[in-house]
Each structure stands twice: as C-alpha cells, then as structure tokens.
Amino acid sequence: MTHPASPIARALVDWFAHAGRSYPWRRTRDPWAILVSEVMLQQTTIPTVLARYEQWMQRFPTPAALAEASEEEALRSWEGLGYYRRVRSLQATARAIQREHGGHFPTSESALRALPGIGDYTVGALLSFAYNRPAPLVDANVARVFARLFNDTTPVDTPAGRRKHWEWAARLVHPTEPRAYNSALMELGQTLCTPGRPDCLLCPLREHCRAERPEELPVRRAKKELTRLEHHDVWCLRPEGLLMEKQAEGARHAGMYRLPRRSESEVQGLPLLCRQSYSITRYKVTRSLYEAPPGLTPREGECFLPLASLAAAPVASPDRKLLRRLLPEHESGAAGS
C-alpha cells in the first residue's frame, strides 16, 4: 500500500511544476544520459556542465560508445570539467554495463549498486529520475535544505549529520512523484535556500521550516587550511615536438599529459617563461615554467609529442592554458580548444 505524500513533499512538487528550470537531463528518462549529468555535476557548476553536456552526449550517446573509446579519448573529452577520475569511473561503469548487462542499463537497485563508481546518491538519482521510483538522495543542496527545515545544528559533514539527512530523505520522498520531488528538493537548494542568506519569503516550505537563524545553517566542521605547493616545470620545444610527461597509473591525472617537472635546484639559472597559479581541492599551486636547457634528456614517461598531436592528447586544464599561451602563433591550432 502506498502511503500518502507528506505536506512537505506535496508543497515541493506543486512548486516545482511552475518554478522548476528546464535542463537537458530533466527532459529525458534515459538512465545513461541521467548518469552522465550526475557525474558531470559532481564538483562542477551547472553553467559549465550546460556548455558541455549535449556535445558530450552526442559523442558518447550510449554506454557502448564510451566503453569502446580509448582511455585517452575519454580523458580528452573531459577537458575543462576537471576531476578526471570521474570520467575514468564513468568509463568503468559503461564497460561493466556492456560486459555484464549486454549494453542494457540495469533497472534493479541491486544491479545498479553493483556497478563500479555507483554510490547511494547516484542510485537515488537513477531510481527517481530515470525510473520514477521513490528513492532518497542527498547532495549539498539537499543537506542545506534539511538542516534549515529541521533547524538542525549537527555538522552536515559528519557521520551523524549524514545519517540524519539520509533518514529524512527516505522518510519525505514523494511516493508517486519522486522524480519531481527530488528535482524540486535540489532546485530549492540551488535557487532559494542558497548558502548565506536564503530567500525565505518565496520558499514553498516556509510554513514547515523551523529554522531560527537560517543564514547560520548548515553547520560544518572547521575547514582544513589550503596546502601551498610550488612546482617547477620546463618547456622544451624541438622540431620533433613538445616534451610532455604522461602520468602513470595511480597519479592524480593518470593517463594524461603534463609539462615535465623538475626540482628547484635543477631549474636554477634557467630563463623563467611565466608563472601560473591555480587551486585544486585543498591545494593552492604556484607553477614556475622555465626554458629547458639545450640537450635536455627526456626521463622515464616523457616523450616529444608532435604539435599536430597535442589537440587530441588529453591534457589537464592548467597545462592546456599554457599551451595556448606559449605555442608559436602559427601552431596555435595544435593547442586544442
């Protein structure tokens, strides 16, 4: 017997019917297209994903298309989205679907959980968005809504906080319209119940919300300080190509190319070409790039890539930016887009 929807669930679904935004992944029930969107949206903003999603789906419209691609092709297709382990995991999922399910996306919860790289959130997203089955899901937006809705000061990034939010998610999910409900819950966190000062006057849950000081919620554990790193890289351009280093298995950007790194003592006295600063999760990186000395000998994992091959080679975004900046103007097409 299906239990009736709670007032909170009904209010969210009613609000979403007129306030929900239209994204390409909301206009499909294809589980593969939904999985791709969920993986892309992890740690990446919606505008960035919108700029890439449909083009990426045209290239890899099915699990088979990604399963059959080389790892290098998959990594290159992900450039600009960052966190490249996501596309490696997505390709592992695609290959498991090909190998274990004959290319057909599984529909049972147990089969979904058995796929590599699929966790609680992704299972909830697939069951509710693709199959319209009542399943809980919790992301940062949902956790913020729940913390305020229930005036809860348990840090959301602790086991106790995560347990509470998943229990609320399971209890509140709409029994017959979970697709709209979970979309609405996330939409609310993205548009009205935002970090800082939420727009409570327009909130569809204002009659149910217990928050006393919503701008102070959710509570999180103290942030770890950024670790500062200094990298010293070399630029070695020869007629046969540009010296690049392919990252070994287990490295952060495994399978991708980067400019070769050297120790601080090894670059002493070399001409400085430029400096670059960027952040990666808990790290603040300052990179100094030097003109390589004549006769520089490539090390293990380093090779000269012809300029014509650079556009198709998988290169992390910071390195790609330097290629665009430093390659000779008449070779700029080799730097890739």
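What counts, and at which threshold
- All chains use their own residue numbering, which begins from 1 and follows the written sequence.
- The predicted origin of the model limits local features to residues at a pLDDT of at least 70 and limits the giving and counting of side-chain atom pairs to 80 or more, whereas totals for whole chains, interfaces and linings rest on all residues.
- With hydrogens and water stripped out, all remaining heavy atoms of the structure feed into the side-chain values.
- Secondary structure is summarised from DSSP: a helix means a run of H or I of at least four residues, a strand means a run of E of at least two, and numbering begins at the N terminus for each.
- Among buried residues, the Ala, Val, Leu, Ile, Met, Phe, Trp, Tyr and Cys ones that are joined through side-chain atoms within 4.5 Å form a nonpolar core.
- Only protein chains enter the accessibility calculation, which uses a 1.4 Å probe. A residue is then buried if its area is under 20% of the maximum for its type, exposed if over 50%, and partly exposed in between.
- We call two residues in contact when some of their heavy atoms are within 4.5 Å.
- Any helix carries an expected span of 1.5 Å times its number of residues minus one.
- If DSSP finds at least two bridges between two strands, the strands pair.
- Paired rings are identified among Phe, Tyr and Trp, the last through its six-membered ring, by centres lying within 6.5 Å, and are further divided according to the angle between planes into stacked (under 30 degrees), edge-to-face (over 60) and tilted (the rest).
- Salt bridges are defined by distance alone: a side-chain nitrogen of Lys or Arg within 4 Å of a carboxyl oxygen of Asp or Glu.

K.L.:
Let's hear about unusual backbone geometry: which residues, and what values?
P.N.:
Residue Pro218 is bonded to the preceding Leu217 through a cis peptide linkage, with omega at 5°. Inspection of the secondary structure puts Pro218 in the loop between helix 11 (178-191) and strand 1 (227-235). If you check the backbone angles, Gln43 has positive phi at about 65° while not being a glycine. Checked against the element boundaries, Gln43 lands in the loop between helix 2 (31-41) and helix 3 (46-59). Here the phi dihedral of Tyr83 falls at roughly 45°; this positive angle occurs in a residue that is not glycine. Inspection of the secondary structure assignment puts Tyr83 in the loop between helix 5 (71-77) and helix 6 (85-101).

K.L.:
An account of the nonpolar core is needed here, citing residue identities and associated values.
P.N.:
Counting residues in each nonpolar core, the largest one holds 74 residues, and the members touching the most others are Trp32, Trp56, Trp78, Leu90, Phe146, Tyr181 and Leu188. When near neighbours in sequence (up to four residues on either side) are disregarded, Trp32 contacts Trp56, Met57, Phe60, Pro61, Thr62, Pro63, Leu66, Leu90, Ala94 and Phe105. One finds Trp235, Leu259, Cys274 and Leu323 within the second-largest nonpolar core, a separate group that totals 15 residues.

K.L.:
Talk me through helix 6; I want residue IDs and the actual numbers.
P.N.:
An α-helical turn contains 3.6 residues, so any two residues separated by three or four positions project in the same direction. With 17 residues, helix 6 ought to run about 24 Å at 1.5 Å a step, and its terminal C-alpha atoms sit 23 Å apart, in line with that. Looking only at helix 6, the buried set comprises Arg86, Val87, Leu90, Gln91, Thr93, Ala94, Ala96 and Ile97. Tucked inside the fold, the buried residues of helix 6 contact helix 2, helix 3, helix 4 (63-68) and helix 5. Gly102 occupies a position one or two residues after helix 6 and carries a positive phi of about 60°.

K.L.:
A description of the sheet that holds strand 7 (residues 283-291) should follow, citing residues and the corresponding values.
P.N.:
One open sheet accounts for four strands, arranged 5-1-7-6; its pairing is mixed. Sheet topology places strand 5 (261-262) and strand 6 (272-280) at the edges, where each strand pairs with a single neighbour. In this structure, strand 6 lies alongside strand 7, joined through eight bridges in antiparallel fashion. Across the sheet, the residue bridging to Arg275 is Ser288, located in strand 7.

K.L.:
Provide a residue-level description of the packing of aromatic side chains, including the pertinent values.
P.N.:
This structure, assessed with the given rule, holds seven aromatic pairs. A ring pair is formed by Trp56 and Phe60, whose centres lie 4.8 Å apart and whose planes are at 55°; its orientation type is tilted. Neither residue differs from the other here; Trp56 and Phe60 are each classed as buried. Among the aromatic residues, those joined into a ring-pair cluster are Tyr23, Trp25 and Tyr53.

K.L.:
Before we move on, could you go through the pattern of salt bridges and cite the residues and values that matter?
P.N.:
On inspection of all chains with the given rule, the structure shows 19 salt bridges. In this structure, the salt-bridge partner of Arg88 is Glu71, at a minimum N-O distance of 3.0 Å. Of this pair, Arg88 sits in helix 6 while Glu71 sits in helix 5, and the two are 17 residues apart along the sequence. Under the relative-accessibility criterion, Glu71 is labelled partly exposed at 31%. The shortest N-O distance in the salt bridge between Asp120 and Arg113 comes to 2.7 Å. Looking at Asp120, the relative accessible area reads 43%, which means it is partly exposed.

K.L.:
A description of the pairing of strand 7 should follow, citing residues and the corresponding values.
P.N.:
Across nine bridges, the pairing between strand 1 and strand 7 is parallel. Its bridge partner lying in strand 7, His232 is registered against Ser288. In textbook terms, the turn of a hairpin is the stretch between consecutive antiparallel strands, and for strand 6 and strand 7 this stretch comprises two residues, one of which, Thr281, has a positive phi near 45°.

Remember, this is a structural readout, not a statement about activity or role.
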